[in-house]
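For reference, the chains in residue letters:
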Amino acid sequence: MAKLYFRYGAMGSAKSLNLLAVAHNYQQQKKRVVLLKPHLDLRFGADTIRSRAGLSMEADHLLYPDTVFIYPGKQSVQGEHRVDFSNLEPLHCILVDEAQFLSPFVIEELQQLTIHCNVPVICYGLKTNFKGYLFEGSKRLLEIADTIEEIKTTCYFCNRKATQNGKFLNGTPVIDGPEIEMGAEERYLPVCKYCYLQKPL
Ligand SMILES: [Zn+2]
């Protein structure tokens, strides 16, 4: 049976690049993939899946916290946000970027697609926020994904494995405070636990 995958990694671990490579490989074999990402804002290019390496593809659908999926055998549902997978054209894989921002409801909907459509769903995302706590979507994925894989990268400051997402405000690391700080220059970097906590190695 098809699986729900969660491939997590720190900032800059090439998650989107990995997603785009998987999509490319399927498409080279003339197999159909669907690309999904959460609706986050209305910025220009909000529906683009973009890797820091410079590659990008357009997402087929944006997901809202209440998005429901339609598939063969599912009772018709009401709701403003729906994605229809009842098309009989074969679908080989569903790829999801920035899955940490999905609602638990949508994660469960993705699980239903693996069961009822027998299509693998591969979700890419961060595990924890800059405070070190699980994102809502990542929490649900860790709870119900069939396969959990880490995409590794190195700490920005040393050569250990990055396990945290460090937030830097005007160049200074912070591990608490509000999600958004007005008027400050924010930067997120992959860091190891020592550099995150600023402990001597
Ligand atoms: Zn480090």
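These numbers come from a predicted model, not from an experiment.

A. Expanded view of the overall build of the protein. For the protein, the count of helices and strands is 4 helices and 13 strands. Computed over C-alpha atoms, the radius of gyration of the protein comes to 18 Å, within 12% of the 17 Å expected from 2.2 N^0.38 for 201 residues, which places it in the range of a compact globule. By principal-axis analysis of the C-alpha atoms, the protein measures approximately 55 × 35 × 35 Å. A buried classification covers 44% of the 201 residues belonging to the protein. Of the contacts made within the protein by residues no fewer than 6 positions apart, 70% connect residues no fewer than 24 positions apart. On the protein, roughly 11300 Å² of surface is accessible, and the fraction owed to carbon and sulfur atoms is 50%. In the protein, 23 side chains carry a positive charge and 22 a negative one; their mean positions are 8 Å apart.

B. Spatial organisation of the coordination of the zinc ion. Coordination sphere of the zinc ion, protein contribution only: Cys 155 (SG), Cys 158 (SG), Cys 192 (SG) and Cys 195 (SG), at 2.3 Å. Here the zinc ion binds 4 donor atoms, and the angle range of 102 to 122° at the metal identifies the geometry as tetrahedral. When the donor residues of the zinc ion are listed from N- to C-terminus, their spacing reads C-x2-C-x33-C-x2-C. Taken together, the positions of Cys 155 in the loop between strand 10 (147-150) and strand 11 (164-169) and Cys 192 in the loop between strand 13 (186-191) and helix 4 (193-197) put the pair 37 residues apart, joining distant regions of the chain. Taken as a pair, Cys 155 and Cys 192 share a single burial class, namely buried.

C. The pairing of strand 9 (residues 121-125), seen in detail. In terms of burial, strand 9 is largely enclosed, as 5 of its 5 residues are buried. Neither face of strand 9 is exposed, since Val 121, Cys 123 and Gly 125 on one face and Ile 122 and Tyr 124 on the opposite face are all buried. Of the pairings in the sheet, the one linking strand 8 (residues 93-96) to strand 9 comprises 3 bridges and is parallel in character. Paired with Leu 95 across the two strands is Ile 122, which belongs to strand 9. The parallel pair strand 8 and strand 9, bridged by helix 2 (residues 104-116), forms a crossover whose chirality is right-handed.

D. The arrangement of the environment of Ala 59 in detail. Structurally, Ala 59 is set in the loop between strand 4 (56-58) and strand 5 (61-63). Look at Ala 59 and you get buried, because its relative accessible area is 11%. Between the C-alpha atom of Ala 59 and that of Pro 38, which follows or precedes it by 21 residues, the distance is 9.6 Å. When neighbours within four sequence positions are excluded, Ala 59 is seen to be in contact with Leu 35, Lys 37, Asp 47 and Ile 49.

E. Representation of the domain arrangement of the protein. If you check the domain split of the protein, you get domain 1 (4-150) and domain 2 (164-197). Taken over C-alpha atoms, the centre of domain 1 sits 26 Å from the centre of domain 2. The interface of domain 1 with domain 2 comprises 8 residues on the first partner and 13 residues on the second. Buried surface at the junction of domain 1 and domain 2, both sides included, amounts to about 900 Å², of which 53% is carbon and sulfur. Its largest share of buried area at the contact with domain 2, domain 1 owes to Met 11, Phe 130 and Lys 131, together 73% of the area lost on that side. Linking domain 1 with domain 2 are 0 salt bridges. Seen at the junction of domain 1 and domain 2, the total is 5 residue pairs in polar contact (both at pLDDT 80 or more). Its residues assigned to classes, the side of domain 1 that touches domain 2 shows 4 nonpolar, 3 polar and 1 charged.

F. Structural detail: the packing of helix 2 against helix 3 (residues 136-144). Two numbers describe how helix 2 lies on helix 3: the axes approach to 8 Å, and their chain directions differ by 35°. In this structure, helix 2 crosses over helix 3, and the sense of that crossing is right-handed. Seen from helix 2, the contacting residues are Pro 104, Ile 107, Glu 108 and Gln 111; seen from helix 3, they are Glu 136, Gly 137, Arg 140, Leu 141 and Ile 144. Split into classes, the residues belonging to the contact of helix 2 with helix 3 amount to 4 nonpolar, 2 polar and 3 charged.

G. The arrangement of the packing of aromatic side chains in detail. On inspection of all chains with the given rule, the structure shows 6 aromatic pairs. Measuring from ring centre to ring centre gives 6.4 Å for Phe 130 and Tyr 188, while their planes differ by 65°; the resulting arrangement is edge-to-face. Placement of the pair is Phe 130 in the loop between strand 9 and helix 3 and Tyr 188 in strand 13, with a sequence separation of 58 residues. Assessed through its relative accessible area of 30%, Tyr 188 is described here as partly exposed. Aromatic rings pair up to connect Tyr 156, Phe 157 and Phe 168 into one cluster. Directly above the ring of Tyr 5 sits Arg 7, whose terminal nitrogen or CZ lies 5.6 Å from the centroid.

Cut-offs applied
- Residues numbered from 1 in each chain as written.
- Predicted model: local features only at pLDDT ≥ 70, side-chain atom pairs only at ≥ 80, totals over all residues.
- Heavy atoms only, no water.
- Helix = DSSP H or I, 4+ residues; strand = E, 2+ residues; numbered from the N terminus.
- Rg over C-alpha atoms; globule rule 2.2 N^0.38 Å.
- Buried < 20%, exposed > 50% of the residue type's maximum accessible area, 1.4 Å probe, protein only.
- Contact = heavy atoms within 4.5 Å.
- Areas by Shrake-Rupley, 256 points an atom, 1.4 Å probe, with all protein chains shown as cover.
- Lys, Arg positive; Asp, Glu negative; His and termini not counted.
- Charge placed at Lys NZ, Arg CZ, Asp CG, Glu CD.
- Donors = N, O, S within 2.8 Å, 3.2 Å for Na, K, Ca; no water.
- Tetrahedral: all angles 85-135°; square planar, octahedral: opposite > 155°, others 65-115°.
- Pairing = 2+ DSSP bridges.
- Right-handed = clockwise from strand over helix to strand, strands pointing away.
- Domains from an automatic or database assignment.
- Buried area = accessible area lost by both parts, 1.4 Å probe.
- Salt bridge = Lys/Arg side-chain N within 4 Å of Asp/Glu carboxyl O.
- Polar contact = N/O pair within 3.5 Å; in protein donor to acceptor, adjacent residues only side chain to side chain.
- Nonpolar A, V, L, I, M, F, W, Y, C, P; charged D, E, K, R; others polar.
- Axes fitted to C-alpha atoms, helices over the stretch in contact; angles between N-to-C directions.
- Left-handed = near helix turned anticlockwise from the far one by under 90°.
- Phe/Tyr/Trp six-rings, centres within 6.5 Å; stacked < 30°, edge-to-face > 60°.
- Lys NZ or Arg CZ within 6 Å of the ring centre and 35° of its normal.

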